[in-house]
Amino acid sequence: MKFNVKEIAKESGVSIATVSRILNNKGGHSGDAVKAVESAMDRLGIRNANHVQLPEAVGIITRFEKNGLATSYTSILISAIVETLAMEGVVAQIIPLSVSNMSVQ
């Protein structure tokens, strides 16, 4: 039976990104987070990371202004996100929204 990262995150009380980093042996998480994820996996009956299904695609919604993606900061940030997701086998789609199309409710 396959479980998804979202279920483990909900059960452990940590973010989906934290679960993904822990399952892929990446740094940047506390010992408490590792214990929470391991405990959640035990409660869910997950034996190892091979039984966890990672998402296939992620949409990144960004505010878009004229030449907004042309700035070096924005392009480096988006490149880093897309490359990191690609290393995990996840496809990223950039969804730019113009300021005029955004509404606050």
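In case you missed it, the structure is sitting above this.
Fair warning: this is a prediction, and the values are worked out from it, not measured in the lab. (Residues numbered from 1 in each chain as written. Predicted model: local features only at pLDDT ≥ 70, side-chain atom pairs only at ≥ 80, totals over all residues. Heavy atoms only, no water.)

Considering the overall build of the protein
And step 1. Scanning the protein for helices and strands turns up four helices and four strands.
And step 2. Scanning the protein from its N terminus toward the C terminus, one meets helices and strands in the order β-α-α-α-β-β-α-β.
And step 3. Per-residue burial for the protein yields a buried fraction of 20% across its 105 residues.
And step 4. Of the contacts formed within the protein by residues at least 6 apart in sequence, a portion of 66% connects residues at least 24 apart.
And step 5. For the protein, the exposed surface amounts to about 7,500 Å²; the carbon and sulfur share of it is 54%. (Helix = DSSP H or I, 4+ residues; strand = E, 2+ residues; numbered from the N terminus. Buried < 20%, exposed > 50% of the residue type's maximum accessible area, 1.4 Å probe, protein only. Contact = heavy atoms within 4.5 Å. Areas by Shrake-Rupley, 256 points an atom, 1.4 Å probe, with all protein chains shown as cover.)

A closer look at helix H3 (residues 31-44)
And step 1. With 14 residues, H3 should reach 20 Å at 1.5 Å per residue; the first-to-last C-alpha distance of 20 Å fits that figure.
And step 2. Turning to H3, its buried residues are Ala33, Val37, Ala40 and Met41. Down the axis, H3 shows its buried residues gathered within 100° of arc, on one side only. In H3, the exposed residues that point more than 90 degrees away from the buried face are Asp32, Lys35, Asp42 and Arg43.
And step 3. Those residues of H3 that are buried lie in contact with helix H1 (5-12) and helix H2 (16-23).
And step 4. At the exit of H3 stands Gly45, carrying a positive phi of roughly 75°. (Expected span 1.5 Å × (residues − 1). Arc of directions from axis to C-beta.)

Topic: the packing of H1 against H2
And step 1. Two elements in contact, H1 and H2, have axes whose closest approach is 8 Å; the angle formed by their N-to-C orientations is 110°. Between H1 and H2, the angle falls in the class roughly perpendicular. Of H2, the residues touching H1 (which contributes Val5, Lys6, Ile8, Ala9 and Ser12) are Ile16, Val19, Ser20 and Leu23.
And step 2. Taken together, the residues that form the contact of H1 with H2 break down as six nonpolar, two polar and one charged. (Axes fitted to C-alpha atoms, helices over the stretch in contact; angles between N-to-C directions. Parallel < 35°, antiparallel > 145°, perpendicular 65-115°, else oblique. Nonpolar A, V, L, I, M, F, W, Y, C, P; charged D, E, K, R; others polar.)

A look at the pattern of salt bridges
And step 1. Scanning the model with the defined rule gives one salt bridge in all.
And step 2. For Arg43, the salt bridge is made with Glu11, and the minimal N-O distance between the two is 2.6 Å. Here Arg43 is found in helix H3, whereas its partner Glu11 is found in helix H1, with 32 residues between them in sequence. (Salt bridge = Lys/Arg side-chain N within 4 Å of Asp/Glu carboxyl O.)

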